[in-house]
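Coordinate inspection notes
Here's the letter readout for the chains.
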Amino acid sequence: MVTAATARMLTRYNQWANRLIFDAVAALPDGEATRERASLFKNIVHTLNHNYVIDRIWQAHLEGRAHGYSARNTPDHPPLAELWKKQQEIDGWYIAWSDRLTDDSLDEKVNFSLIGGNAGVMTRGQILLHIINHTTYHRGFVADLFYQVPARPPTTDLPVYVREAAGA
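Computed from a predicted structure; not experimentally measured.

A short note on the pairing of strand 2 (residues 119-123)
- Bridge analysis of strand 1 (residues 109-113) against strand 2 gives 5 bridges, and the strand direction is antiparallel. Paired with lysine 109 across the two strands is threonine 123, which belongs to strand 2.
- Here strand 1 hands over to strand 2 after 5 residues, with glycine 117 in that stretch at a positive phi of 100°.

Notes on the nonpolar core
- Val25, Ile44, Leu48, Leu62 and Tyr94 are the most contacted members of the largest nonpolar core, which totals 43 residues.
- Secondary-structure elements contributing two or more residues to this core are helix 1 (4-26), helix 2 (44-63), helix 3 (80-100), strand 1, helix 5 (124-148) and helix 6 (158-167).
- In terms of residue count, the dominant contributor to this core is helix 1 (10 residues).
- Contact partners of tyrosine 94, with chain neighbours within four places excluded, come to Thr11, Asp55, Trp58, Gln59, Leu62 and Ile131.

A few points about the packing of aromatic side chains
- Applying the stated criterion across every chain, the model contains 10 aromatic pairs.
- Both rings, one in tryptophan 16 and one in tyrosine 161, keep their centres 5.4 Å apart while their planes meet at 55°; by these two values the pair is tilted. Residue tryptophan 16 is located in helix 1, and its partner tyrosine 161 is located in helix 6; the two are separated by 145 residues in the primary sequence.
- Note on tryptophan 16: relative accessible area 7%, which makes it buried.
- Among the aromatic residues, those joined into a cluster by ring pairs are Tyr13, Trp16 and Tyr161.

Cut-offs used in this document
Along each chain, numbering runs from 1 in the same order as the chain's sequence is written. The model is predicted, so local features are restricted to residues of pLDDT at least 70 and side-chain atom pairs to those at 80 or more, both for listing and for counting; the totals for chains, interfaces and linings are taken over all residues. Side-chain metrics rest on all non-hydrogen atoms present in the structure, leaving aside hydrogens and water. Pairing between strands requires that DSSP locate at least two bridges from one strand to the other. Comment: elements are numbered from the N terminus, with helices defined as DSSP H or I runs of at least four residues and strands as E runs of at least two. Throughout, nonpolar core names a set of buried Ala, Val, Leu, Ile, Met, Phe, Trp, Tyr and Cys residues whose side chains join them through atoms within 4.5 Å. Burial classes follow relative accessibility: with a 1.4 Å probe on protein chains only, a residue under 20% of its type's maximum area counts as buried, one over 50% as exposed, and anything between as partly exposed. Note on definitions: a residue-residue contact is assigned when non-hydrogen atoms from the two residues lie within 4.5 Å. Pairing of aromatic rings covers Phe, Tyr and Trp, the last through its six-membered ring, and needs centres within 6.5 Å; plane angles under 30 degrees mean stacked, over 60 mean edge-to-face, and all others mean tilted.

Next comes the structure, spelled out in C-alpha cells:
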C-alpha cells in the first residue's frame, strides 16, 4: 500500500529528477538533444515528450476525464524550453494532487481506458507508482542517449534525492 507520505515524497522525487535531466539536456552541445539516434523515440527531446504525454494521460485518468491523446507520444515535440515549461506544470500538478491525498484516497479505484482501448482499473496509489516507474524508466533511455553524445548523464537515483532532500 502506498501511503500519503510516500506519495508526496515520490512526486517531489520525480520533479527533482526531471529538473536534473532537463538541465543536463539543456547543457548539451547545440543540436545533440534533437539529433536522431538509434532509440525508440529517435531523440532525447522526443523521449522526454513521451514522458510528458504519459503524465498528462494519467492526470486525465485520475481526474476522470478524457485526455484527447490517440497515441502514447505526439508525432513531433515542442522545443526543449517549451517542453520543460510544460513538464514543470504537470510536475507541479502531481505534487499538489499528492498533497491532497489521504491513505484511504490512495486505495480508491480508478477506471480508465488505455490508448489501445483496453479497459483498466487501478488504485490511485498504483497509478502513482506506475507514473513514477514509467518516468524513471524513460529517463534511463535519455541517460543512455547521453553516452552517444558522448556526455555523462546526471544521477537521478532515489537514494541521491533522499540524501539531498534530508540535507535541504
